[in-house]
There are 2 protein chains.
Amino acid sequence: MSAISKIQQGSLISPKGFAATGVNSGVRETRNDLGMIFSEVPAESAAVYTTSHFQAAPIKVTQDSLSVEQKLQAILVNSGCANACTGKQGLQDAYQSRKSLAEKFHLPEHYVAVASTGVIGEHLQMDKIASGIQKLQPASDEASAEQFETAILTTDLATKKCAFEAVIDGQTVTVGGAAKGSGMIHPNMATMLAFITTDALISAEHLQTALRQVTNQTFNQITVDGDTSTNDTVVVMANGLAGNNPLTPDHPQWDTFMAMLKEVSAILAKKIARDGEGATKLVEVEVFGALNDQEAQVAAKEVVGSNLVKTAVFGADANWGRIISAVGYADITVNPETIDIAIGDQTILEQSEVVAYSEEQIIEYFKGETVKISIHLHLGEGHGMAWGCDLSYDYIKINASYRT
Amino acid sequence: MSAISKIQQGSLISPKGFAATGVNSGVRETRNDLGMIFSEVPAESAAVYTTSHFQAAPIKVTQDSLSVEQKLQAILVNSGCANACTGKQGLQDAYQSRKSLAEKFHLPEHYVAVASTGVIGEHLQMDKIASGIQKLQPASDEASAEQFETAILTTDLATKKCAFEAVIDGQTVTVGGAAKGSGMIHPNMATMLAFITTDALISAEHLQTALRQVTNQTFNQITVDGDTSTNDTVVVMANGLAGNNPLTPDHPQWDTFMAMLKEVSAILAKKIARDGEGATKLVEVEVFGALNDQEAQVAAKEVVGSNLVKTAVFGADANWGRIISAVGYADITVNPETIDIAIGDQTILEQSEVVAYSEEQIIEYFKGETVKISIHLHLGEGHGMAWGCDLSYDYIKINASYRT
């Protein structure tokens, strides 16, 4: 595996041949609400979606596009309206949006994916979307990427982007991405959208395998409030312009590519968790010594998702009883006698017994931006991580607001 | 099935031959912290426990007691210390508590069950427990029952009791109960303890079947914050003093007995939900038309447990998008096109489409003590209910407090 390095101010236009933009279409008052990603050439593409029974209309359209050639050249994203629970009209609207974008950029319709985030149960304002599409002028500069990054936000407090590069087959291969997280005041729910671009040469089939594996370790391991949206989508486009030999699991640098994909995904996922509604901190839970990786991931996600752990972190309380309790109800194998728990660098519990620790140092540690909880089960080699945020008064404030 | 009727001010001493009491042992400053239930004669008994991997020491001792003859004559309960995650010492302490009570009341040790609620990871103060046990004087009057009901509370704001009676085989058969809910400021978690008494004649085997069935429909269908405690326990004692013929599923009045057991359990469960930490309202979710009862229960519990639904209720927001989203991520069969949702008497969604409803009437409805959400899936005959509470600023306040 070669070294991978983070690109300062890198974004989804860092890989060769990608452009982006964002505009205000009028669905929202002044903020950008319509964005697009464009690849100079058709890109091998893969996607994963929410497991909700109520997958929104744009997800169905994107699945339809990918089913033809597993290639995309453009992604259209709107915020302000999720186009979810909108019936036949909603599906028609999503197809019409795809068609409008395809016509403007002279693309086959199935080279266009669409994604939406915003209010559930309301219809897209198609006149505004249509005229917004006419204004889209993707470009490969940082300012244009930022227009896109802002266009996809809802109540997110910050844009979310990053990029990594590595040398593969003598060529620089780059992976970049942008994402948005939780949630919407008016009204609805945390929708996670993430878009990853790369100039690597790789088939859609291998890309899909890679994306699923990485998503399970990153995006699927974050939780803000345990509610799964109707619109969650991660799409990755690989346009092959880097000039490397085709990447397959047998390629000597497969791990290098996977490392970049995982780093981009993990960074975006952590940014989403840190920017959860009302969050004051990122919480990172790492589980060692589980029977296998999957069980470690399950345990980590139970702990990071526990309301009682989240409020304890908000209250700067080294409440290991809540941590062990969350491990206790996780559907995994546990030996109740062999649990270690550490908060930051301080061990709190060793072989399920409390050890002497400094309450003051812990309280000091809780003042930081990130709280790390480590758990060792001493059963096997399984390792997993999960990310979330604390549960604060502001979460209640944001989510108890009247929609009116 | 005969009529069952609620006994005004009924409690767990309403059935013949039961007595109770509660005292301050000194573990807590002034409030009662040690209580007991006593039956004049050994009672056929059954119990269900938390599924946590970290079952507390008292649960192991109670299981041990019941494994001998499935009979109990006394239950000792302390609050202030959960005796959970306390290792071998904790187990020894629980056995010693059982022994002290058995000696004082001249009972075989295995006729005594023990239960604890309170701080995790601290040891029982055995000197105080021992001298507290010497002060216990159970009696069959309302004041003594109330001493017990208060002794088991932690941050509960109110005691929880009820009783029902019915005529079976010409005899009055009574079922009564007491419970405590969530949670502890210093520090830990929601522990649910419920104790049910009856003078019905029924074998421990049938009682266990009945308890499991009723628990699945009641106590297991409440959620305050999704965290499962290390100490949750429901115990039922049946001393047979009512003089009915033995109750079995073939007895013509089996359903009458089950109805009483279910009503007592449902009322205690709802009282626990209503008294959840920071709760301002009881939330009741009823699901109709699921593929089967189990799927209906799963869906109801997902909706009532959703943080976004809970904050919407706190904010008096008829946010059906959050309700349908919670149904959407429930692990059940759903037809996304055929969902009805009503809040109180007002239909909001019909066949997955929004219908005209009065936002003002909904806001008025949300001001009440109970918010009822009804969901029809239109797939089958499955029916299920779940209970919870809203998520308020006070939940954060209570749970973010420093333990110090």
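Numbering of residues begins from 1 in every chain and follows the order in which that chain's sequence is written. By the order in which they are written, chains take letters starting at A while ligands take numbers starting at 1. Only residues with pLDDT of 70 or above have their local features reported here, since the model is predicted, and side-chain atom pairs are shown and tallied only from 80 upward, although totals for entire chains, interfaces and linings are computed over all residues. Side-chain metrics rest on all non-hydrogen atoms present in the structure, leaving aside hydrogens and water.

It is worth spelling out the pairing of strand E7 (residues 171–180) of chain B at this point. A regular strand places its side chains so that they alternate between the two faces of the sheet. Residues and elements named next belong to chain B. Each residue gets one of three labels from its accessible area relative to the maximum for its type: buried under 20%, exposed over 50%, partly exposed in between, using a 1.4 Å probe on protein chains only. Counting from the N terminus, the helices are the DSSP runs of H or I reaching at least four residues and the strands are the DSSP runs of E reaching at least two. Counting buried positions over the 10 residues of E7 gives 8, a clear majority of the element. Only strands joined by at least two bridges in the DSSP assignment are considered to pair. With 9 bridges connecting them, strand E6 (residues 160–168) and E7 associate as antiparallel partners. From the neighbouring strand, alanine 163 faces E7, where its bridge partner is glycine 176. Where E6 folds back on E7, the antiparallel hairpin that results is connected by 2 residues, among which aspartate 169 adopts a positive phi of roughly 55 degrees. Two strands pair when backbone bridges link them, and E7 and strand E8 (residues 193–198) are joined in this way by 6 bridges, in the antiparallel orientation. Each bridged residue has a counterpart across the sheet, and for valine 175 the counterpart in E8 is threonine 198.

In this section: the pairing of strand E4 (residues 71–81) of chain B. Residue and element names in this part refer to chain B. The element E4 is extensively covered by neighbouring structure, given that 10 of its 11 residues are classed as buried. The sheet contact formed by strand E3 (residues 34–49) and E4 spans 7 bridges and is antiparallel. Looking at the pairing, isoleucine 37 lines up with isoleucine 75 of E4.

Alignment of the copies relies on least squares applied to C-alpha atoms, considering only residues that score at least 70 for pLDDT in both. At an RMSD of 0.0 Å, chain A and chain B line up after a rotation of 180 degrees and a shift of 0.0 Å along the axis. In the structure described here, the two chain copies are related by an operation that fits a two-fold rotation axis. Among all residues of chain A, the one whose C-alpha sits closest to the rotation axis is Tyr393(A), at a distance of 2.9 Å. Throughout, a residue-residue contact means that at least one pair of heavy atoms, one from each residue, lies within 4.5 Å. Both copies share a contact surface, since 98% of the interface residues of chain A are interface residues in chain B too.

Quick look at the UniProt feature "active site" (unreviewed entry) in chain A now. Residues and elements named next belong to chain A. Residues given the UniProt feature "active site" (unreviewed entry) here are Thr191. Mapped onto the secondary structure, threonine 191 falls in the loop between strand E7 (171–180) and strand E8 (193–198). For threonine 191, a relative accessible area of 3% corresponds to the buried category. The contact partners of threonine 191, leaving out residues within four places of it in the chain, are Ser116, Thr117, Lys180, Gly181, Ser182, Ser229, Asn231 and Asp232. UniProt positions are given in the numbering used here, feature names are shortened, and annotations may be inferred rather than shown by experiment.

Residues and elements named next belong to chain A. Either an automatic procedure or a domain database provided the assignment from which the domain bounds are taken. For chain A, the assigned domains are domain 1 (5–271) and domain 2 (282–400). For domain 1 and domain 2, the distance between their C-alpha centres works out to 32 Å. Facing the 11 residues of domain 1 at the interface are 15 residues of domain 2. For any pair of parts, buried area is found by adding up, for both, the accessible area (1.4 Å probe) each one loses once the two are put together. Across the domain 1/domain 2 interface, buried area totals approximately 1200 Å², and carbon plus sulfur atoms make up 53% of it. A per-residue breakdown of the area domain 1 buries against domain 2 is headed by Gln221, Thr223 and Lys270, which together make up 50% of the total.

On to the sheet that holds strand E10 (residues 282–290) of chain B. Residues and elements named next belong to chain B. As summarised here, the arrangement of the 6 strands in space is E13-E12-E11-E14-E10-E15, forming an open sheet in which the pairing is mixed. Each edge of the open sheet carries a strand with a single partner, namely strand E13 (353–354) and strand E15 (382–389). By the bridge criterion, 4 bridges tie strand E11 (residues 340–343) to strand E14 (residues 370–376) in an arrangement that is antiparallel. Looking at the pairing, isoleucine 343 lines up with isoleucine 373 of E14. Every axis corresponds to a line fitted to the C-alpha atoms, with the helix fit spanning only the stretch in contact, and the corresponding angles, defined between N-to-C directions, vary from 0 to 180 degrees. Of the strands in this sheet, E11, strand E12 (346–350) and E14 touch helix H10 (residues 359–366), which is tilted by about 125 degrees from E14.

Let us now look at the layout of surface pockets. Approximately 320 Å³ is the volume attributed to the second largest pocket. Lys60(A), Cys85(A), Thr86(A), Gly87(A) and Glu337(B) are, among the 19 residues lining the second largest pocket, the residues nearest its centre. Among the elements of the structure, helix H1 (57–69) and helix H2 (87–104) of chain A are those that each provide at least two residues to the lining of the second largest pocket. No other element matches the 3 residues that H2(A) contributes to the lining of the second largest pocket. Here the nonpolar group is Ala, Val, Leu, Ile, Met, Phe, Trp, Tyr, Cys and Pro; Asp, Glu, Lys and Arg are the charged ones; every other residue, Gly included, is treated as polar. Classifying every residue of the lining of the second largest pocket by side-chain character gives 8 nonpolar, 7 polar and 4 charged. Throughout, the protein atoms alone are placed on a 1 Å grid, and a set of points is a cavity if a 1.4 Å probe fits but cannot get out or a pocket if it is open with protein on both sides within 12 Å along at least five of seven lines; lining residues have an atom within 4 Å of a point. Grid points are joined across faces, edges and corners, and a volume is the space filled by probe spheres set on the points.

All names here are of chain A. Think of it this way: a Phe, Tyr or Trp ring, Trp meaning its six-membered ring, pairs with another when their centres are within 6.5 Å, and the plane angle makes it stacked under 30 degrees, edge-to-face over 60, tilted otherwise. Overall, the coordinates contain 11 aromatic pairs over all chains when judged by the stated rule. Judged by centre distance (6.2 Å) and plane angle (45 degrees), the rings of tryptophan 254 and phenylalanine 257 are tilted. Note that tryptophan 254 and phenylalanine 257 are positioned in helix H6 (residues 254–274) at a spacing of 3 residues, about one turn of the helix. Residue tryptophan 254 is classed as buried on the basis of its relative accessible area of 10%. Ring centres 5.7 Å apart and planes at 80 degrees place the aromatic pair phenylalanine 314 and tyrosine 393 in the edge-to-face group. Here tyrosine 393 lies in helix H11 (residues 393–400) and phenylalanine 314 lies in helix H8 (residues 307–314), a separation of 79 residues in the sequence. For phenylalanine 314, a relative accessible area of 25% corresponds to the partly exposed category. With a relative accessible area of 31%, tyrosine 393 lands in the partly exposed category.

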